Amino acid sequence: MKIKERLHPEGNSRMSLKLKPFLTAALLVAADVGAARGFPGWMGVYGDYETHDGANPGTYTILMNQDYWGLHAEVGIGIAGSWTTHAMDYMGNADGNSLWQFRPGEALAEGTAVQYYFHGWDDWGGNIYANNGGANYSFIAGPAAIDWIGASEQTPAAPAAGEDVRVWTQTWPRGAGQGGVALYSENGLWGGVPLAKAGTTNGNDLWRGDLGRFPAGTEVEWLAGVEDGAGTTHYDNNLGSNYAFTVAAGAPLAFFGGAYHWPSNGALTSAADLWLNVFASPSQSLVSAHADYTVNGWLWERAPLAFWQMDGTNEWWHADLGPMPPSASVWYAFDALDGAGNAWALPASGLPFSAHVAGSPADADADGLPDDWETYWFASPSATTARANPDGDGLPSMPFDNWMECVAGTDPALSNAVAELPLLWKPSLPQQGGILLLSAAPEAFGGLTPPPDTLAATFADGTTATLARDATGRWSGTVWLSATGTVCQIVSFSSGSLADGNRGIGWTLPVRVLPDGVPADSDSDGMPDLWEATHGLDPLADDASADADSDGISNLQEYLHGLDPQTPDPWPQITITWPADGAVL
């Protein structure tokens, strides 16, 4: 894109572009004097003068070899067989000739075929034509070109916090601008918003951009740019100093509430966009509003709310979060800042609001993942398995597999940074009565500087576990699960007087229900967790074929025969004493 600054030198007027006839004292003579000088005998161009300069819409130029009061010129322009005539402006005397020009106020569509001719006459009946020997002049319109940008302003002229600030600029000729941008800085940080055509004014195209609302005290600079058909962007930057304003204090909110989501629970499916909505009044007093939201209470995101429309005397603000996975619970809360600098929060206390997406636990291929979840992310109910980890995230010893992504509501094809995962666990599907290894990130327990050496994890059933800082920079530790529980809910992490309960939601892990009498075997190596832990083995590593005491008997065989895997215990020897070796009975 070519960048070109085009600033009008005379206070945003077009006077220098369309000069009006300059009548000297020598030309203000009696009509009979003009007639006495003789009517022009020649009409055309010479030297550097061109009948059309090739721009779009361009300038039409013609000369006549007489120059007196009462002389006139016009240009006839034909497009697609339709002709119009336009009076030409007298531009002065050129070597004894009168110079005439016309510049249309509206650009042509690129590729338009144009024909044109010139006609001169005076007040006493004389006529002369220039029409390219009867064939007319012609050209094909190229890309439209902006000749001028200016008359830029902002409304309101002195913005207050909470008021919508719009910026305006004008370009000429009409139709030459293809799109625009308003560049602006907010306390020195630059950004941009698009400029859209908003009609015409003063014979020019009018452009508008919405900068939005600003807090009190914000210092804003801005400039406007519009790109023409030739790819050149023309800027109005207030003669190099930019336009600027400082935002004054605004009005406080009287109401911020009525929060809800759409579609409602029961109607919300994974095929629908989830919209979050809230209301505020009076109008033009809310500066900004955001929604903090999380899928299943794991990774929190922040989305700005946008004004939608008025609802009576209330402003209606909303955010489109897009579709959410089946069976997901989306927790959300709102915060806002008003014109007087007051902060607002919804809900003011207690749990966040929640939206629940319809789903089914059906798993036709028995791969450990719900069919609708697999279809949502992989377009097929049999495309992957629970233990697969297509995006390769998590820790080497604790991969964040598809089942964990399903629990956390995250995208299984988009790798999550380990530091952003508040919790990793092993096994990914814990078992009743089994052991569970937890790994918490510093982000899961914010506000601790410096971070503590240990964290206490508190569970809904009242049990606790100690997590110590490890080599990964996270906190890790193990806990034994209830033999009857169907979920494992971590209520909070704490250190000293500080605690983080994830806004009251906590973190909930599904637990695999085992048949009566079947002990938990978290690593599926054939040895129960409790037996392994009691005998110094790792319940979370498949060490069935290992030989902890090097006695030639594998750990699994030690378990099956009631032996101690930490005590050498060779297989018993059998000696046959009768019949004698080699005897035949």
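For the structure, check the block above.
This is a predicted model, so every value here is computed, not measured.

J.: I'd like a rundown of the packing of aromatic side chains, residues and numbers included.
T.: A full pass over the atoms with the stated rule returns 28 aromatic pairs. Relative to W100, the ring of Y90 lies with its centre 5.3 Å away and its plane at 65 degrees, an arrangement referred to as edge-to-face. Residue Y90 is located in strand β6 (residues 89-94), and its partner W100 is located in strand β7 (residues 97-102); the two are separated by 10 residues in the primary sequence. Each member of the pair, Y90 as well as W100, carries the same accessibility label: buried. Measuring from ring centre to ring centre gives 5.1 Å for W531 and Y559, while their planes differ by 65 degrees; the resulting arrangement is edge-to-face. Taken together, the residues W531 in helix α4 (residues 529-534) and Y559 in helix α5 (residues 555-560) connect sequence positions 28 residues apart. Overall, Y559 belongs to the partly exposed group, its relative accessible area being 27%. R469 extends its terminal NZ or CZ atom over the ring of W475, reaching a point 5.4 Å from the ring centre. Just above the ring of W300 sits the side chain of R503; from NZ or CZ to the centre is 4.2 Å.

J.: Quick one: what's the story with the pattern of salt bridges, residue by residue and with numbers?
T.: Per the counting criterion, the structure on display carries 11 salt bridges. R302 is paired through a salt bridge with D335; the nearest N and O atoms lie 2.7 Å apart. Of the two residues, R302 sits in strand β22 (residues 300-304) while D335 sits in strand β25 (residues 329-338), which places them 33 residues apart along the sequence. R302 gets classed as partly exposed once you look at its relative accessible area, which sits at 46%. Salt bridges sharing common partners tie together D292, R302, D335 and R503.

Rules used in this analysis
- Position numbers for residues start from 1 in each chain and track the written sequence from start to end.
- Given that the model is predicted, a residue must reach a pLDDT of at least 70 before its local features are reported, and side-chain atom pairs must reach 80 or more before they are shown or counted; all residues, however, enter totals for whole chains, interfaces and linings.
- Hydrogens and water molecules were not included; the side-chain quantities draw on all heavy atoms of the structure.
- Two rings from Phe, Tyr or Trp (for Trp, the six-membered ring) form a pair when their centres sit within 6.5 Å of each other. Planes less than 30 degrees apart are called stacked, planes more than 60 degrees apart edge-to-face, and all others tilted.
- Secondary structure elements are defined from DSSP: runs of H or I of at least 4 residues count as helices, runs of E of at least 2 residues count as strands, and each element is numbered from the N terminus.
- For the exposure calls, accessible area comes from a 1.4 Å probe over protein chains only, and a residue counts as buried if that area is under 20% of its type's maximum, exposed if over 50%, partly exposed in between.
- The rule is short: NZ of Lys or CZ of Arg within 6 Å of the ring centre and within 35 degrees of the ring normal puts a charge over the ring.
- A pairing counts as a salt bridge when a side-chain nitrogen of Lys or Arg comes within 4 Å of a carboxyl oxygen of Asp or Glu.

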